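The primary structure of each chain is shown beneath.
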Amino acid sequence: MNGSTIEVKKLSAGCGAEVLGVDLRNLTNSQMETVRQAYVDHGVIFFREQTLTPEEHIAFARRWGDIDINKFFPANGQYPEIAEVRKEKEQKTNIGGGWHTDHSYDASPAMGSILLARELPDDGGDTLFASMYAAYEALSDGMKKTLGSLRAVHSNAIAFGAAGFYKNSDQAGGFKGEGLVGEASHPVVITHPESGRKALYVNPGFTQRFEGWTDMESKPLLDFLYAHAVRPEFTCRFRWAPGSIAFWDNRATWHYASNDYHGHRRLMHRITIAGAPLG
Ligand code: SIN
């Protein structure tokens, strides 16, 4: 496959592209640049039929930056760098089954996440993505101005704390780190460090409130933004097959793991790449 021409095929107007004609085990530097540009341009990129071992998955991730080991997810025993996104046949709760972006509760939020399909149900288990560039750009000038002066507080306690969502679900056994919960504040509108474009940076999974506002005061405006940001024209939907990979930009997109395959097992391996403070 090396030496063949890379094709970048847009998946929808809102976000996402499939990158065809690459073998992620041995990308040349020039192929790596094409892939990097596709990632910056489309917010999330997809690859098919990548038969990566865990070591090759880790090696590909390291080409993008340091690995940010998730404090809460079930780790893959042998490889702490790989978080397992797993739902067993008997479980009803999936991981990531609500719109969110990874690690926005950290002072330096994750740059990206590389999710590799290991075991899939015959049907269902798709992942949806939404572009926070498109969401921001479609707002009125007045709203953009208001949001431009705000920061928001993001917390992981709601998801991963002792009284959080997962600890009170049938996923509780796998989660760890409940004592490591914390919060961070970021601008509500960020300028993406690579594209230079403005993106909306709040999300329903982790954003608590606008800084200096109460939760109650924040809720109506956050609810408006959450409904606005997932307008179908800003989204794309990815149907997995064994060996598929999605690599998303956490600063430019949200994602949502569809929970429509009860009674079947789904196992994904996720590696998260470290990022930097956002401005
Ligand atoms: C996640 O939120 O990282 C999981 C996405 C998925 O399993 O599709």
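For the structure, check the block above.
Note that the structure is a prediction, hence the values are computed from the model and not measured.

Asks: Requested: an account of the packing of aromatic side chains, with residues and values cited.
Replies: In this structure the tally under the stated criterion is 25 aromatic pairs. Note on Phe-46 and Phe-238: the rings are 4.1 Å apart at their centroids and 10 degrees apart in plane angle, and the pair reads as stacked. Placement of Phe-46 in strand β3 (residues 44–47) and of Phe-238 in strand β13 (residues 235–238) is noted, with a sequence separation of 192 residues between them. For Phe-238, a relative accessible area of 1% corresponds to the buried category. Here Phe-72 and Phe-160 contribute two aromatic rings whose centre-to-centre distance is 4.6 Å and whose plane-to-plane angle is 10 degrees, an arrangement assigned as stacked. Taken together, the residues span a long stretch of sequence, with Phe-72 in the loop between α2 (54–62) and β4 (75–76) and Phe-160 in helix α5 (residues 157–160) at a distance of 88 residues.

Asks: Would you mind going over the pairing of strand β16 (residues 266–273) in detail, with residue names and values included?
Replies: The buried fraction of β16 amounts to 8 of the 8 residues, a majority that puts the element mostly inside the structure. Neither face of β16 is exposed, since Arg-266, Met-268, Arg-270 and Thr-272 on one face and Leu-267, His-269, Ile-271 and Ile-273 on the opposite face are all buried. Alignment of strand β5 (residues 79–87) against β16, held across 5 bridges, turns out to be antiparallel. Paired with Lys-87 across the bridge in β16 is Arg-266.

Asks: Quick one: what's the story with the sheet that holds strand β15 (residues 253–257), residue by residue and with numbers?
Replies: Pairing is antiparallel across the open sheet formed by 3 strands, whose spatial order is β13-β7-β15. Here the strands that pair on one side only, and so sit at the sheet edges, are β13 and β15. Direction aside, neighbouring strands of the sheet carry axes that sit 20 degrees apart on average.

Asks: Describe the environment of Gly-182, listing the residues and the values that go with them.
Replies: Within the secondary structure, Gly-182 sits in the loop between α5 and β9 (183–187). Relative accessible area serves as the criterion here: at 30%, Gly-182 is assigned to the partly exposed category. Gly-182 has contacts with Tyr-105, His-154, Ser-155 and Asn-156, leaving out every residue within four places of it along the chain.

Asks: Mind laying out the site of the ligand, listing which residues take part and the relevant values?
Replies: Within the structure, the ligand sits among Val-85, Gly-96, His-100, Leu-115, Thr-127, Trp-248, His-255, Ala-257, Arg-266 and Arg-270. Between His-100 and the ligand, the recorded distance is 3.0 Å, taken from a side-chain N or O atom to an oxygen atom. Listing elements by their share of the shell around the ligand, those giving two or more residues are β15 and β16. Among the residues making up the shell around the ligand, the classes are represented as 4 nonpolar, 4 polar and 2 charged.

Asks: Residues and numbers for the sheet that holds strand β14 (residues 245–249), please.
Replies: In a beta sheet, neighbouring strands pair by backbone hydrogen bonds and run either parallel or antiparallel. Read from one edge to the other, the open sheet built from 8 strands follows the order β1-β2-β3-β14-β6-β16-β5-β4, with strand pairing classed as mixed. Each edge of the open sheet carries a strand with a single partner, namely β1 (7–10) and β4. Pairing of strand β6 (residues 112–119) with β16 involves 7 bridges; the strand directions are antiparallel. Within the sheet, the bridge partner assigned to Ile-114 lies in β16 and is Ile-271. Contacts from helix α1 (residues 29–42) reach β1, β2 (17–20), β3, β6 and β14 within the one sheet, and its direction differs from that of β3 by about 130 degrees. Strand contacts of α2: β5, β6 and β16, with the helix running at about 110 degrees to β5, the strand carrying the most contacts.

Asks: Break down helix α6 (residues 215–229) for me, with residues and values.
Replies: Quick reminder: α-helices carry 3.6 residues per turn. Residues three or four places apart thus point the same way. Given a rise of 1.5 Å per residue, 15 residues ought to cover 21 Å, and the 20 Å separating the end C-alpha atoms of α6 matches this to within 8%. At Leu-221, α6 is bent by approximately 30 degrees, the largest bend along its length. Listed in full, the buried residues belonging to α6 are Ser-218, Leu-221, Leu-222, Leu-225, Tyr-226, His-228 and Ala-229. On its buried face, α6 is in contact with β7 (127–131), α3 (132–137), α4 (141–148), β11 (198–200), β12 (207–210) and β15.

Asks: Could you give an account of the nonpolar core, with specific residues and numbers?
Replies: Generally speaking, soluble globular proteins have nonpolar side chains that are buried together. In terms of nonpolar packing, the biggest core is built from 29 residues, with Met-132, Leu-147, Val-188, Leu-200, Val-202, Phe-210 and Leu-225 touching the most fellow members. Elements with a minimum of two residues in this core: β7, α3, β10 (189–191), β11 and α6. Beyond its immediate sequence surroundings of up to four residues, Leu-200 is in contact with Met-132, Ala-135, Tyr-136, Leu-147, Val-188, Leu-225 and Ala-229. Of all hydrophobic cores here, the second largest spans 27 residues; its members include Leu-27, Phe-47, Met-111 and Phe-247.

Scoring rules and cut-offs
Residues numbered from 1 in each chain as written. Predicted model: local features only at pLDDT ≥ 70, side-chain atom pairs only at ≥ 80, totals over all residues. Heavy atoms only, no water. Phe/Tyr/Trp six-rings, centres within 6.5 Å; stacked < 30°, edge-to-face > 60°. Helix = DSSP H or I, 4+ residues; strand = E, 2+ residues; numbered from the N terminus. Buried < 20%, exposed > 50% of the residue type's maximum accessible area, 1.4 Å probe, protein only. Pairing = 2+ DSSP bridges. Axes fitted to C-alpha atoms, helices over the stretch in contact; angles between N-to-C directions. Contact = heavy atoms within 4.5 Å. Near = heavy atom within 4 Å. Polar contact = N/O pair within 3.5 Å; in protein donor to acceptor, adjacent residues only side chain to side chain. Nonpolar A, V, L, I, M, F, W, Y, C, P; charged D, E, K, R; others polar. Expected span 1.5 Å × (residues − 1). Bend = angle between axes of the 7 residues up to and from the residue. Core = buried A, V, L, I, M, F, W, Y, C linked by side-chain atoms within 4.5 Å.

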